[in-house]
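Single-letter residue listing:
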Amino acid sequence: MYRLERCSGDDLALHREHLAIARPRQGEVHWERFDPSGYPAEALDAAAALYAHRAVQEMHSLALFTELAAQLHLLGAPLDWSGAFARMIADEVRHTDLCLRMCEALGRPARPEIDPSQLHLLSASSPRSHVRQTIVAAFCIGETISGRMFRRALRATDVPLAREVVAAIVTDETFHAELGWELGALLMRRDGPAFDEERRELAARLPFLFSHFAGLCQVTGDRAWALGSPPVDEGPNFGTLSEAGYAKAFFDGMEEDVVPGLVAIGLPEAEPAYEALVRSLALRDECHTEGTPERA
Ligand SMILES: [Fe+2]
Ligand SMILES: [Fe+2]
């Protein structure tokens, strides 16, 4: 475990270089225009907790992409893969910085705890298989769902600073998902004798991955519950959705993008894996409804 710090020292060359990377690719964030005194303390606390949590998730993406970039040569990938990964690593540095800086702007600087053991999502039988599985998991599922959530959060936010921060993240995440599907399609081409076994291994991991991302998106009920509850909570919106709003974005993302996309790149097992997840969530929701009055 370690604490994530934003800055080693304002006057260092490395920090100046970092600021150049962390600047949004489009638009600008007007930190100086934000006045936290215009918002209730509870709203600022909740927003700071949200952005500290996001900083951890962004840091995980940063570490994962850096690790993947070091393994691309195992696939014999062309040089443009490295260029695209270099951009994505820079993007995740930017997102982590934006989230930590948001906590500072809210008057609640954060040093969230990072658990490096949470980083390795999958353990595959071979390094090639590991790269293939990680790209499908992190991009075709993770970035696709997170892009959709951030786009909805952008529409929901009514705090100008949060709008600028989320817009900067959305620009990058949309690119990450697009790139992920290109990489996913390229990786699912039969490229050697181990391919069939690696494809089978990946297909067998889909139920775990779907349920893992449902957990990350805090999907605790079924689609009927998500549709029947407001997608955003009351009060000033710092770029977030309600629990049901996130769940709805998860279901829509899975049904409109992830599952059909995986089928299209050669993983038809995605359909039964998703159906099994939906069934298990419906069962869980029945238990919720019976056992927990707040959900009833
Ligand atoms: Fe990100
Ligand atoms: Fe990303």
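Since we're looking at a predicted model, the values are computed, not measured. Along each chain, the written sequence defines residue order, and numbers are assigned to residues from 1. Each chain takes a letter, starting from A, and each ligand takes a number, starting from 1, following the order in which they are written. With the structure being a predicted model, the display of local features is reserved for residues of pLDDT at least 70 and the display and counting of side-chain atom pairs for 80 or more, all residues being used for whole-chain, interface and lining totals. Water and hydrogen atoms were dropped before computing side-chain values, which therefore reflect all heavy atoms in the structure.

**Let's talk about the coordination of the iron ion (ligand 1)**
Put simply, a metal with four donors set out as a tetrahedron has ideal angles of 109.5 degrees, and one with six donors set out as an octahedron has ideal angles of 90 or 180 degrees. Only nitrogen, oxygen and sulfur atoms qualify as donors, and only when within 2.8 Å of the metal (3.2 Å in the case of Na, K and Ca); with water excluded, sites may look incomplete. Coordination of the iron ion (ligand 1) by the protein is provided by Glu 58 (OE), Glu 92 (OE), His 95 (ND1) and Glu 173 (OE), with metal-donor distances spanning 2.0 to 2.3 Å. Four donors are marked tetrahedral only if all angles between them lie between 85 and 135 degrees, whereas four are marked square planar and six octahedral if opposite donors are more than 155 degrees apart and the other angles lie between 65 and 115; the remainder are marked irregular. For the iron ion (ligand 1), the 4 donor atoms are set out with angles of 83 to 151° between them, so the coordination reads as irregular. Between consecutive donors of the iron ion (ligand 1), the numbers of intervening residues give the motif E-x33-E-x2-H-x77-E. Taken as an interatomic distance, the gap from the iron ion (ligand 1) to the iron ion (ligand 2) is 3.2 Å; Glu 92 donates to each of them. One end of the pair, Glu 58, is in helix α2 (residues 41-69); the other, Glu 173, is in helix α5 (residues 160-187), with 115 residues separating them in the sequence. Whether a residue is buried, partly exposed or exposed follows from its accessible area with a 1.4 Å probe, protein chains only, as a fraction of its type maximum: under 20%, in between, or over 50%, in that order. Looking at Glu 58, the relative accessible area reads 5%, which means it is buried. For helices the rule is a DSSP run of H or I covering at least 4 residues; for strands it is a run of E covering at least 2, with both sets numbered from the N terminus onward.

**A short note on the coordination of the iron ion (ligand 2)**
On the protein side, the iron ion (ligand 2) has Glu 92 (OE), Glu 143 (OE), Glu 143 (OE), Glu 173 (OE) and His 176 (ND1) as donor atoms, found 2.1 to 2.4 Å from it. Along the chain, the residues donating to the iron ion (ligand 2) fall in the pattern E-x50-E-x29-E-x2-H.

**Considering the environment of Arg 132**
Tracing the chain through its elements places Arg 132 in helix α4 (residues 127-156). Aside from chain neighbours lying at most four places away, what touches Arg 132 is Leu 187, Met 188, Asp 191, Phe 195, Glu 198 and Leu 202. Any two residues whose heavy atoms approach within 4.5 Å at even a single point are treated as in contact.

**Structural notes on the nonpolar core**
If you look at the biggest cluster of nonpolar residues, it comprises 89 residues, and the most contacted ones within it are Tyr 51, Met 102, Ile 135, Phe 210, Phe 238, Phe 250 and Leu 262. At 14 residues, the largest contribution of residues to this core is made by α2. We call a set of buried Ala, Val, Leu, Ile, Met, Phe, Trp, Tyr and Cys residues a nonpolar core when their side-chain atoms join them within 4.5 Å.

**Thoughts on helix α6 (residues 195-216)**
Along its 22 residues, α6 runs 30 Å from first to last C-alpha, staying within 8% of the 32 Å computed at 1.5 Å per residue. Remark: the principal bend of α6, roughly 40°, maps to Leu 206, with a proline, Pro 207, within the next four residues. For α6, the full list of buried residues reads Phe 195, Glu 198, Arg 199, Glu 201, Leu 202, Ala 203, Leu 206, Leu 209, Phe 210, Phe 213 and Ala 214. Gln 218 occupies a position one or two residues after α6 and carries a positive phi of about 55°. Residue count minus one, scaled by 1.5 Å, sets the expected span of a helix. Note that bend, as reported per residue, equals the angle between axes fitted to the 7 residues terminating at that residue and the 7 residues originating from it.

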